[in-house]
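# Survey of secondary and tertiary structure
Below, each chain spelled out in residue letters.
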Amino acid sequence: MFDIQDSGAILVGNNFVIDGHYKRLFRAVTHFHADHIGELNKSIKECTSIIASPITIESLQVLGYNIPKHKQLPLNYGVKVDLLGEKIKLERAEHIMGASQVIVETEKGVGIAYTGDFRNPGKGTPILNPDVLIMDVTYGSPNFVRKYKDDMEMLFADYVADALLKGPVTIYAYYGKLQEAMKVLRKYNLDAPFLVENKVEKLTAIAEKYGEMVGKFVSKSTEEGKKIIKDGWYVEFKHATEFKRRTKATTNFLLDGWLVKDFIKPVDSNSFIIGFSSHGDFEDNLKYVEMTTADLIILDGSRSKYAYDFAVYVTKYYRKKVKILPSSNGS
């Protein structure tokens, strides 16, 4: 009823594949980060439908994936659809805009769910209670505990606000996380203009369309944008890969979830790495395991080299039935 391929494709029921390509009728996409959209063009060609939240469907188009209208199956959270005798629905995952958990009910009535990437379980990410739970455990090692996680958003907003007293700020992160950063800054009442361009601008427009509370943003190329740059008080948002081309004209912050022990790390006199993560840490993973009533927990070993560490811990301290797939990545 379920399997995980070495490629990361998660097979569920008879008809569904999630976050990877496999020749099945329906592919579900939990969110638009690269490790969850592998071989998507093959799926667009060979699958009957691409299933995702409306935000994810639209964002994939911006990122260059041409999904024909007749192959798009956008699902709002909590809406269950019956496809060839199997039922599928999406539930929210707090990760990036549009991120989802996927629940499939097989023809025999067995519930199988996949969390995808998540954080804040039990609050921003609802706890699922299927018969079989397939979990993402990116930060599956006990070494990955963020002591500052409850204060992460406030600290981030404070550092940006302090930097703005000296001049403009540029924030670098992956698509989706940039929009999460915008939401946090607005939440903490930072009212400096946000400057965007290209794909970042288009994705931010999608976020605004779906009520993601990113606040006002301005295109760099407009007359308003040029005036804001001249005034010198703004926050600009760029993709993480541009950090290596940063300048000394602004204070630069690179958002990196793998900075775990410390919240901030200097790179040079005006550039810093900040431990801003859209993933739950080791404790969050444990919290999800503790709260779910799933009879069997499958750990996704295709995306995390720490699945085995996590399985050992859960088996020892929680005595729950745990298995790692693909089998080549654990036992």
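This text goes with the structure placed above it.
Residues numbered from 1 in each chain as written. Predicted model: local features only at pLDDT ≥ 70, side-chain atom pairs only at ≥ 80, totals over all residues. Heavy atoms only, no water.

### Re the packing of helix α2 (residues 54-62) against helix α5 (residues 198-209)
Quick note on the threshold: Axes here mean lines fitted to C-alpha atoms, for a helix over just the part in contact, with angles spanning 0 to 180 degrees between N-to-C directions. Elements are defined by DSSP. Helices are runs of H or I of four residues or more, strands are runs of E of two residues or more, and each kind is numbered from the N terminus. The scheme is simple: roughly parallel for angles under 35 degrees, roughly antiparallel for over 145, roughly perpendicular for 65 to 115, oblique for anything else. The sense of a crossing depends on the near helix, which, turned anticlockwise from the far helix by less than a right angle, makes the crossing left-handed and, turned clockwise, makes it right-handed. It only takes one pair of heavy atoms within 4.5 Å for two residues to be counted as in contact.
Contact geometry for α2 and α5: axes closest at 10 Å, N-to-C directions at 165°. With respect to their mutual orientation, α2 and α5 come out roughly antiparallel. In this structure, α2 meets α5 at a crossing whose hand is right-handed. The segment α2 lies against α5, with Ile55, Glu58, Ser59 and Val62 engaging Lys199, Lys202, Leu203, Ile206 and Lys209.

### What about the packing of helix α7 (residues 282-291) against helix α8 (residues 307-317)?
Contact geometry for α7 and α8: axes closest at 12 Å, N-to-C directions at 50°. Between α7 and α8, the angle falls in the class oblique. Seen along the crossing, α7 lies across α8 with a hand that is right-handed. For the pair α7 and α8, the contacting residues are Phe282, Asn285, Leu286 and Val289 in the first and Phe310, Tyr313 and Val314 in the second.

### Digging into helix α3 (residues 152-164)
The test is simple: Helix span, expected: 1.5 Å multiplied by one less than the number of residues in the helix. Using a 1.4 Å probe on the protein chains alone, a residue whose accessible area is under 20% of its type maximum counts as buried, one over 50% counts as exposed, and one in between counts as partly exposed. Summarising the geometry, the arc corresponds to the directions from the helix axis toward the C-beta atoms.
For α3, which comprises 13 residues, the first-to-last C-alpha distance of 19 Å matches the rise-based estimate of 18 Å (1.5 Å per residue) to within 8%. Buried within α3 we find Met152, Glu153, Phe156, Ala157, Val160, Ala163 and Leu164. Along the axis of α3, the buried positions cluster into a sector of 130°, meaning they face one direction only. Its buried side turned inward, α3 meets β12 (169-173), α4 (177-187), β15 (235-239), β16 (251-255) and β18 (271-274).

### Looking at the pattern of salt bridges
For the record, the criterion: Counted as salt bridges are all cases of a side-chain nitrogen of Lys or Arg within 4 Å of a carboxyl oxygen of Asp or Glu.
A complete count under the given rule lists 20 salt bridges for this structure. Between arginine 119 and glutamate 94 there is a salt bridge, and its shortest N-O distance comes to 3.1 Å. On the criterion of sequence distance, the pair formed by arginine 119 in the loop between β10 (111-114) and β11 (132-135) and glutamate 94 in the loop between β8 (86-92) and β9 (100-105) is long-range, its members being 25 residues apart. There is no split in this pair, since arginine 119 and glutamate 94 are both buried. Note that arginine 119 is salt-bridged to glutamate 180, the shortest N-O span being 3.9 Å. Taken together, the residues span a long stretch of sequence, with arginine 119 in the loop between β10 and β11 and glutamate 180 in helix α4 at a distance of 61 residues. For the residue pair arginine 119 and glutamate 180, the accessibility class agrees, reading buried in each case.

### Let's talk about α8
Among the residues making up α8, those that are buried are Ala307, Phe310, Ala311 and Val314. What you see down the axis of α8 is that its buried residues fit within an arc of 100°, all on one side. Of the exposed residues in α8, the ones pointing more than 90 degrees away from its buried face are Lys316 and Tyr317. Close packing links the buried residues of α8 with α7, β19 (296-300) and β20 (322-325). Just past α8, the residue arginine 319 takes up positive phi, approximately 55°.

### Describing unusual backbone geometry
Cis geometry is adopted by the peptide bond preceding proline 326, which originates at leucine 325 and carries an omega value of -5°. Positive phi is not limited to glycine here, since aspartate 19 has a value of about 55°. Within the element layout of this structure, aspartate 19 appears in the loop between β3 (16-18) and β4 (26-28). By relative accessible area, which is 1% here, aspartate 19 ends up buried. A positive phi angle, near 55°, is found at asparagine 198, a position not held by glycine. Tracing the backbone shows asparagine 198 in helix α5.

### With respect to empty space enclosed by the protein
For clarity, the cut-off: Only protein atoms enter the 1 Å grid, on which a cavity is a set of points fitting a 1.4 Å probe that cannot get out and a pocket is an open set with protein on both sides within 12 Å along at least 5 of 7 lines, lining residues being those with an atom within 4 Å of a point. Grid points are joined across faces, edges and corners, and a volume is the space filled by probe spheres set on the points. Gly falls in the polar group here, along with every residue not listed as nonpolar (Ala, Val, Leu, Ile, Met, Phe, Trp, Tyr, Cys, Pro) or charged (Asp, Glu, Lys, Arg).
Per the stated rule, a full pass over the model turns up one cavity of 30 Å³ or more. Size it by volume and the largest cavity reaches roughly 30 Å³. Lining the largest cavity, in full, are Arg92, Ala93, Glu94, His95, Ile96, Met97, Gly98, Glu180, Lys183 and Glu212. Counted by class, the lining of the largest cavity contains three nonpolar, two polar and five charged residues.

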